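Here are the chains, one letter per residue:
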Number of protein chains: 2
Amino acid sequence: MAARGAEPEVIWSRPERTGRGPRPTYSRADIAAAAVRIADAQGLEAVSMRHVAAELGCGTMSLYNYVPRKEDLHELMIDAVGAEHDIKEPSGDWRADMIRNAHETRALMRRHPWVPRLMAGVYGFGPNTLRYLEHCLTCLEPLDLSYGTKMELVALLNGVVTTYTANELATAERTRSMPWSEEEENAVRMAYLGSQVATGAYPRLAAAFMEGADSGPIDLEAVFERALGRVLDAYDPKRGAER
Amino acid sequence: MAARGAEPEVIWSRPERTGRGPRPTYSRADIAAAAVRIADAQGLEAVSMRHVAAELGCGTMSLYNYVPRKEDLHELMIDAVGAEHDIKEPSGDWRADMIRNAHETRALMRRHPWVPRLMAGVYGFGPNTLRYLEHCLTCLEPLDLSYGTKMELVALLNGVVTTYTANELATAERTRSMPWSEEEENAVRMAYLGSQVATGAYPRLAAAFMEGADSGPIDLEAVFERALGRVLDAYDPKRGAER
DNA sequence: CCTAGTTACGTACACCGTACGTAGTGCGCT
DNA sequence: AGCGCACTACGTACGGTGTACGTAACTAGG
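Residues numbered from 1 in each chain as written. Chains lettered and ligands numbered in written order. Predicted model: local features only at pLDDT ≥ 70, side-chain atom pairs only at ≥ 80, totals over all residues.

As annotated in an unreviewed UniProt entry, chain A carries the name TetR/AcrR family transcriptional regulator and is attributed to Streptomyces sporangiiformans.

See the structure below:
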């Protein structure tokens, strides 16, 4: 009998049920759902083995029958929300389809603001992640590029979606457990930024800051949309992209 | 006297020394350096208030005189490594300069593999981060775009650099505290991926997988380089980008 | 000079991940 | 058929975490 956790293991390879012994009380999906419920309601830091076990209604250590390490619980969570991806039949217009996918992913992250933070750590591709990747490749079918390049496009686009949305959600997630509001925090940060920029040490930043102040509050949605457009353009053969 | 931490606060706004009371034994830079030393040597999870205090040679709770919450320590760390940015006089070729910046940032993250993970959480722009942003804008001076668009370009590029490098470093960081090697872990993950793809459930992914297997191990450096090129192209007015 | 605001730091608390041991359960093999 | 073993369930315990709070020493501003 090998020592516990002496060799690497992918949670998805481990069978849910081996046949031997009493049948497990919960499924992997049950556990993931419980963890997601807690993260949604109380934030990622509330997702402890104890809390998840309590949410399920079992003893803390029982969880370790299903999930060897907490990190694996995180993998389950990521994949669980991946099931929410609304996968539509590709329209034939790869650009429109990818923009739709991006918006849809962004919406998913806004529903589960802890997702970007979790993605930064690990991974491991669970079944739903794979399904989503496959879908993206399907949408890109009309595009005349190698699969390698397409994968790079998908990775790049997903990265952009994640970082943009992450920045947007960071303060929201953080102020959740603070006694002040997101608006207050943002105001303080903006005031600080203004004060720094006013020192004259960063002239171009100051110019950018002023430009932003003139044109009112930034429309994050529009910024996101523009970034998507740029990235997709960069891979469009009609726009001069090769291979 | 207000309750501790009852309102939002930016660590950089708080003066290092107020004048009243005994003069502080350490500087913010000392503390950040100690934390960075620990993170580099033992990984991010070893950066606890106790360990940092021990590294400095003071009592745990003394740290809280300098840093109200652990999160602020993280901000200090990010900014401390930001000081390593090797800022060169712009050459006049914005494209080359930005590529150089990107590579340089990537090298920085490879020196401090915990950086991407930390960036995913918070931030707040410290002085070194601002200096780097200003530098990027300076490099983009020859480019005929609004400051708003330039900021979007910088954000996008930094996002790409971060996500790419993060993926590359994730397993390295994780296996650090595990009894097996990064190679072993990657082998297991690849085997799993292969098995999934072999089920036939993801035909296009399978094709991509095969394509990759044929052409040998992926050259991450080249992938990174290509991604940079694409993004920069997307903002190049000569390539048809507007405004 | 005095006193209010600091620094320094020990103690204490609630909570964390998880190693380990034990008891009960039911499948697979002989 | 029945034995044995792998499995489920879970209580206890340990070493760690962030940090609230209280106290003593110190020093610049009024």
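Caption draft 1: Here's a closer look at the overall build of chain A. Within chain A one finds 10 helices and 0 strands. Overall, chain A is about 70 × 50 × 30 Å in size when its C-alpha atoms are taken along their principal axes. The buried share of chain A, taken over its 243 residues, is 33%. For chain A, long-range pairs separated by at least 24 residues make up 68% of all intrachain contacts whose partners lie at least 6 apart in sequence. (Helix = DSSP H or I, 4+ residues; strand = E, 2+ residues; numbered from the N terminus. Buried ≥ 20, exposed ≤ 12 C-beta atoms within 10 Å, placed from the backbone. Contact = placed C-beta atoms within 7 Å.)

Caption draft 2: Region of the structure containing the interface of chain A and chain B. Taken together, the contact pairs 58 residues of chain A with 58 residues of chain B. Top contributing element to the side of chain A that touches chain B by residue count: helix H7 (residues 147-175) of chain A, with 12 residues. Of the residues in the side of chain A that touches chain B, the class split is 31 nonpolar, 12 polar and 15 charged. (Nonpolar A, V, L, I, M, F, W, Y, C, P; charged D, E, K, R; others polar.)

Caption draft 3: Local environment of the confidence of the model for chain A. Counting all residues, the mean pLDDT for chain A is 92, and 96% of those residues have values of 70 or more. Across chain A, element-level confidence peaks in helix H2 (residues 49-56) of chain A with a mean pLDDT of 98 and bottoms out in H7 of chain A with 91. (pLDDT = per-residue confidence, 0-100.)

Caption draft 4: Structural detail: the domain arrangement of chain A. Residue and element names in this part refer to chain A. Taken domain by domain, chain A consists of domain 1 (28-82) and domain 2 (94-239). Relative placement of domain 1 and domain 2: their C-alpha centres are 27 Å apart. Each partner contributes residues to the interface: domain 1 has 13 residues there, and domain 2 has 19 residues. Residue assignment for the side of domain 1 that touches domain 2 shows that the elements contributing at least two residues are helix H1 (28-42) and helix H3 (70-82). (Domains from an automatic or database assignment.)

Caption draft 5: Quick look at the relation of the copies chain A and chain B. Least-squares fitting of chain A to chain B yields an RMSD of 0.1 Å, with the transformation described by 0.0 Å of translation along the axis and a rotation of 180°. The operation mapping one copy onto its partner corresponds to a two-fold rotation axis. Distance from the rotation axis, computed per C-alpha, reaches its smallest value in chain A at Ala234 of chain A: 2.5 Å. (Least-squares fit on C-alpha atoms with pLDDT ≥ 70 in both.)

Caption draft 6: The UniProt feature "DNA-binding region" (unreviewed entry) in chain A, seen in detail. In this numbering, the UniProt entry assigns the feature "DNA-binding region" (unreviewed entry) to residues 48-67 of chain A. Note that residues 48-67 of chain A is 40% helix and 0% strand, and that its end C-alpha atoms are spaced 13 Å apart. (UniProt positions renumbered as here; feature names shortened; annotations may be inferred.)

Caption draft 7: Region of interest: the protein's contact with DNA strand D. Surveying the vicinity of DNA strand D reveals 26 residues, the closest of which are Gly21, Thr25, Gly59 and Met61 of chain A together with Ser48 of chain B. For the surface near DNA strand D, the leading source of residues is helix H2 (residues 49-56) of chain B, giving 3 residues. Considering only residue class, the surface near DNA strand D consists of 7 nonpolar, 12 polar and 7 charged. (Near = placed C-beta within 6 Å.)

Caption draft 8: Structural view of the UniProt feature "domain: HTH tetR-type" (unreviewed entry) in chain A. In this numbering, the UniProt entry assigns the feature "domain: HTH tetR-type" (unreviewed entry) to residues 25-85 of chain A. From the first C-alpha to the last, residues 25-85 of chain A spans 27 Å; its make-up is 59% helix and 0% strand.

Caption draft 9: Spatial organisation of the protein's contact with DNA strand C. Lining the immediate environment of DNA strand C, one finds 24 residues, of which Ser48 of chain A together with Gly21, Thr25, Gly59 and Met61 of chain B sit closest. Looking at the surface near DNA strand C, the element that brings in the most residues is H2 of chain A, giving 3 residues. Taken together, the residues that form the surface near DNA strand C break down as 7 nonpolar, 11 polar and 6 charged.

Caption draft 10: Spotlight on helix H4 (residues 94-111) of chain A. All names here are of chain A. For H4, spanning 18 residues, the distance from its first C-alpha to its last is 26 Å, which sits close to the expected 26 Å at 1.5 Å a residue. Three or more residues of H4 are buried, namely Trp94, Asp97, Met98, Asn101, Ala102, Thr105 and Met109. Buried residues of H4 fall within an arc of 140° about the axis and therefore sit on the same side. Across H4 from its buried face, at more than 90 degrees, point the exposed residues Ala107 and Arg111. (Expected span 1.5 Å × (residues − 1). Arc of directions from axis to C-beta.)

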